[in-house]
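# Architecture at a glance
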Amino acid sequence: MTNETWGLVREELIKRVGRNNYVTWIEPLKLSHLNGGVARFEVPTTFFGDWVSRNFADHIRSQLNTSGVAVDRLEFAVSQSARGPRGVAKSTATVVPAPVPVAASASAAKPATRAAAKPRSESEEMPGAPLDARFTFDSFVVGKPNELAHAAARRVAEGGPVTFNPLFLYGGVGLGKTHLMHAIAHELQTRQPHLRVLYLSAEQFMYRFVQALRERQVMDFKEIFRSVDVLMVDDVQFIAGKDSTQEEFFHTFNALVDQNKQIVISADRAPGEIKDLEERIKSRLQCGLVVDLHPTDYELRLGILQQKVELYRQQYSGLVIADGVLEFLAHRITTNVRVLEGALTRLFAFASLVGREISLELAQDCLADILRASDRKLTIEEIQRKVAEHYNIRLSDMIGPKRVRTIARPRQIAMYLAKQLTPRSLPEIGRRFGGRDHTTIMHGVRKIEELMATDSQMSDDLQMLRRQLQG
Ligand code: ADP
Ligand code: MG
């Protein structure tokens, strides 16, 4: 890739991450190496690299791929020039351990080589994505919202006879889907090293497939994917609407199920809710065990923070956190675990740089932007999801045309809550309810207001929903 391409990619990234983030985190990145699916960037500090890797790596990677630069993995290395004699970069590094990717198979770190004449040795051609060494069962905090998903993942990780296929994990961003999948892979590798475990994202699946098409290696592709013992595909919603990739995925899936090989899939929503996914795939996905990761609750968030602090403490004894800081963070940062962890990482880095104890005040200062962003967290989609769940209707019915009362009423409740709990205007809300007119929304809101005055069940329901949504 030329620097020109990287320049273009950067332009696109502004749109994706916003100008502020771009200026702070993307612009300073220097592309230093691009080879074999790995793009390496120079960063000023380890903390910086860690931050970019957690928050923007997916954007960068997918934008690179969209621009025709096939990249599986990003690496961030502290640039030599930034390592001053006083070791500023180093001192951050001691606080923020850099992510240590390990290979999913002996080969995963290497890109699949395409030597058609050579006999296939598995270490060369398992086209998986690297696993994050931190994502283990040990480091996964179990709470009410994720206990089922965790139990199911554990079961698969035992590697016993396949009892449900696939295991389908779904839930919102940053709730631990990828973590659990990596944990399964790690565990399987320890318990049953002979198994061929292949983990990759649906996006990577697609790029591999497209690459195989281009290089006329489709047979190889099929063979590789059909010869694994455990296939894990992350974020499968990505292939919705991509017809030939879906088709190939479907066949791979069936071939493996027929051989009784375990499949684990994740997505950001339930199989039935993924738009533009073929019906036959949806129903196949529903055949196994479908479990969701619920949004975190306060206790789980606090547990995760405590565990992270414990980890840091074991390594660095100087760390002092004032009482109440973790509780404050668990209370205020409710969006997702990734943001929560990011906040803590930044706090540690900052505290160690300025050599101060982490007080509530320091936290408020240092995390002002994150705290502000968490304030306006509630989206119409979350409201729809919650209400649909509560009344046991499908999320798609929220935006669909059905008019029977059992569906129309919950839909109106969601409209009412959207009006109450988000800053969106009636036309904006209308758009998110399947393109309804703003007068329809107004009518819905009024209807619920009326009902609340006369129907105590309704007003109880609403109070509860509101409480849950505002967490
Ligand atoms: P998803 O794939 O669902 O978007 P990830 O698995 O990438 O989310 O999780 C985001 C971050 O939050 C990761 O760093 C992960 O380790 C952390 N995380 C999520 N849930 C938990 C948990 N229950 N315990 C510990 N860490 C968690
Ligand atoms: Mg994920």
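Each remark here, short or long, concerns the structure printed above.
These numbers come from a predicted model, not from an experiment. (Residues numbered from 1 in each chain as written. Chains lettered and ligands numbered in written order. Predicted model: local features only at pLDDT ≥ 70, side-chain atom pairs only at ≥ 80, totals over all residues. Heavy atoms only, no water.)

## Considerations on the layout of surface pockets
Of the volumes computed, that of the second largest pocket is approximately 330 Å³. Lining the second largest pocket are 14 residues, and of these Arg-403, Ala-408, Arg-411, Gln-412 and Thr-440 sit closest to its centre. Those elements giving two or more residues to the lining of the second largest pocket turn out to be α20 (405-421) and α22 (438-454). Of all the elements, α20 adds the most residues to the lining of the second largest pocket, at six residues. (1 Å grid on protein atoms, 1.4 Å probe; cavity = no way out; pocket = protein on both sides within 12 Å on 5 of 7 lines; lining within 4 Å. Points joined across faces, edges and corners; volume = space filled by probe spheres on them. Helix = DSSP H or I, 4+ residues; strand = E, 2+ residues; numbered from the N terminus.)

## Some remarks on the site of ligand 1
Near ligand 1 there are 17 residues, and of these Val-141, Gly-174, Thr-178, His-179 and Glu-341 occur at the shortest range. Within the backbone of Leu-175, an N or O atom sits 3.2 Å from an oxygen atom of ligand 1. Residue Glu-341 places a side-chain N or O atom 2.6 Å away from an oxygen atom belonging to ligand 1. Residue classes in the shell around ligand 1 are distributed as seven nonpolar, seven polar and three charged. Looking at which domains feed residues into the shell around ligand 1, each of domain 2 (123-292) and domain 3 (298-374) supplies at least three. (Near = heavy atom within 4 Å. Polar contact = N/O pair within 3.5 Å; in protein donor to acceptor, adjacent residues only side chain to side chain. Nonpolar A, V, L, I, M, F, W, Y, C, P; charged D, E, K, R; others polar. Domains from an automatic or database assignment.)

## A short note on the packing of aromatic side chains
One pass over the full model with this rule turns up ten aromatic pairs. Ring plane angle 75 degrees and centroid distance 4.3 Å describe the contact between Tyr-312 and Phe-348, whose orientation is recorded as edge-to-face. With a gap of 36 residues between them, Tyr-312 in helix α13 (residues 298-315) and Phe-348 in helix α15 (residues 337-354) connect regions that are remote in the sequence. Phe-348 gets classed as buried once you look at its relative accessible area, which sits at 0%. Ring pairing ties together the aromatic residues Phe-205, Phe-209, Phe-221, Phe-225, Phe-249 and Phe-253, which thus form one cluster. Across from the ring centre of Phe-238, 4.1 Å away, lies the NZ or CZ of Lys-242, which sits over that ring. Its guanidinium or amino end placed over the ring of Phe-250, Arg-280 lies 4.0 Å from that ring's centre, counting from NZ or CZ. (Phe/Tyr/Trp six-rings, centres within 6.5 Å; stacked < 30°, edge-to-face > 60°. Buried < 20%, exposed > 50% of the residue type's maximum accessible area, 1.4 Å probe, protein only. Lys NZ or Arg CZ within 6 Å of the ring centre and 35° of its normal.)

## Section: the sheet that holds strand β7 (residues 197-201)
Pairing in this open sheet of five strands is parallel, and the strands run β7-β8-β9-β6-β10 from one edge to the other. Here the strands that pair on one side only, and so sit at the sheet edges, are β7 and β10 (289-293). Sheet twist, expressed as the average angle between the axes of neighbouring strands with direction ignored, equals 15 degrees. Looking at chain direction, strand β8 (residues 230-234) and strand β9 (residues 262-267) are connected through four bridges and run parallel. Note on β9: the bridge partner recorded for Val-230 is Gln-262. Sheet strands in contact with helix α7 (residues 147-158) are β6 (167-171), β9 and β10, and its direction is about 135 degrees off that of β10. (Pairing = 2+ DSSP bridges. Axes fitted to C-alpha atoms, helices over the stretch in contact; angles between N-to-C directions. Contact = heavy atoms within 4.5 Å.)

## Here we look at a nonpolar patch on the surface
Taken together, the side chains of Phe-350, Leu-353 and Val-354 present a nonpolar region at the surface, about 250 Å² in accessible area. Residue position: Phe-350 is located in helix α15. (Patch = residues over 30% accessible without salt bridge, like charges linked within 9 Å, V, L, I, M, F, W, Y side chains within 5 Å. Areas by Shrake-Rupley, 256 points an atom, 1.4 Å probe, with all protein chains shown as cover. Salt bridge = Lys/Arg side-chain N within 4 Å of Asp/Glu carboxyl O.)

## A short note on the pattern of salt bridges
In this structure the tally under the stated criterion is 24 salt bridges. Two residues, Glu-147 and Lys-144, come together in a salt bridge whose shortest N-O distance is 3.6 Å. Using a relative accessible area of 39% as the deciding quantity, one classes Glu-147 as partly exposed. Residue Lys-144 is classed as exposed on the basis of its relative accessible area, which comes to 65%. As a salt-bridge pair, Glu-389 and Lys-386 come within 3.9 Å of each other at their nearest N and O atoms. Residue Glu-389 and its partner Lys-386 are both found in helix α18 (residues 380-390); the two are separated by three residues, about one turn of the helix. The class of Glu-389 is partly exposed, set by a relative accessible area of 42%.

## Points about the sheet that holds strand β2 (residues 38-43)
Spatial strand order, β1-β2-β3: three strands in an open sheet with mixed pairing. Whereas interior strands pair on both sides, the edge strands pair on one side only; in this sheet they are β1 (30-35) and β3 (73-78). Across this sheet, the average inter-strand angle for adjacent strands is 25 degrees, counted without regard to direction. Note that β2 and β3 share six bridges and pair parallel. Note that in β3 the partner of Val-38 across the bridge is Arg-73. Against the sheet, helix α3 (residues 46-55) engages β2 and β3, with an angle of about 165 degrees to β3. Relative to the sheet, helix α4 (residues 57-66) contacts β2 and β3, its axis offset from that of β3 by approximately 125 degrees.

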